[in-house]
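A structural walkthrough
The chain contents come next:
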Amino acid sequence: MKITRNSVETNQGSRESFTGAVYIDAVAIPSGTSRLNASTVHFTPGGRTAWHTHPNGQTIYVIEGIGRAQRRGGPIEVIRPGDRVFFEPGEDHWHGAAANRFVTHLSMVEVDDKGNSASWGAHVTDQEYMAEAAAGEG
Ligand code: MN
């Protein structure tokens, strides 16, 4: 048993992987045979990930605010507190905040044999982000 007190600094999401201001708090870090990597991710309005995939998939669980998520080729989906989304292993996708709202979600992934949790691609352009008026977001 190991207790990590609430003293770990919040990290800012990297410019390579995110658009806008995004803040990340670690919840669980892989250790020994545990592959669980969990974090709370706080997106400011309009903030979002770049396009990416996860080797073993990902579950996100919305804690507060209003967010958006999209898989490659699919519609932009509005996600709200209590909603959870599973992204299949290798499924290209992004997730983030609504244009005018913060969102915080819990992210849960299992790292691969090399400890990788994600493979990152291009940023989600403003055109892609605004491509469809996500209904019921206001
Ligand atoms: Mn993801």
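Structure first, text after, so check above.
Residues numbered from 1 in each chain as written. Predicted model: local features only at pLDDT ≥ 70, side-chain atom pairs only at ≥ 80, totals over all residues. Heavy atoms only, no water.

A sheet is described by the order of its strands in space; here 6 strands give the open sequence β1-β3-β4-β12-β7-β10, paired in antiparallel fashion. A strand with exactly one partner marks an edge of an open sheet, and here the two such strands are β1 (11–12) and β10 (84–87). The pairing of strand β3 (residues 22–28) with strand β4 (residues 36–43) spans 6 bridges and is antiparallel. Residue pairing in the sheet places I24 in a bridge with V41 of β4. (Pairing = 2+ DSSP bridges. Helix = DSSP H or I, 4+ residues; strand = E, 2+ residues; numbered from the N terminus.)

Angles between donor atoms at a metal ideally measure 109.5 degrees for a four-coordinate tetrahedral arrangement and either 90 or 180 degrees for a six-coordinate octahedral one. Protein coordination at the manganese ion: the donors are H52 (NE2), H54 (NE2), Q58 (OE1), H93 (NE2) and H95 (NE2), at 2.1 to 2.2 Å from the metal. Along the chain, the residues donating to the manganese ion fall in the pattern H-x1-H-x3-Q-x34-H-x1-H. Classification of H95 as buried rests on a relative accessible area of 3%. (Donors = N, O, S within 2.8 Å, 3.2 Å for Na, K, Ca; no water. Buried < 20%, exposed > 50% of the residue type's maximum accessible area, 1.4 Å probe, protein only.)

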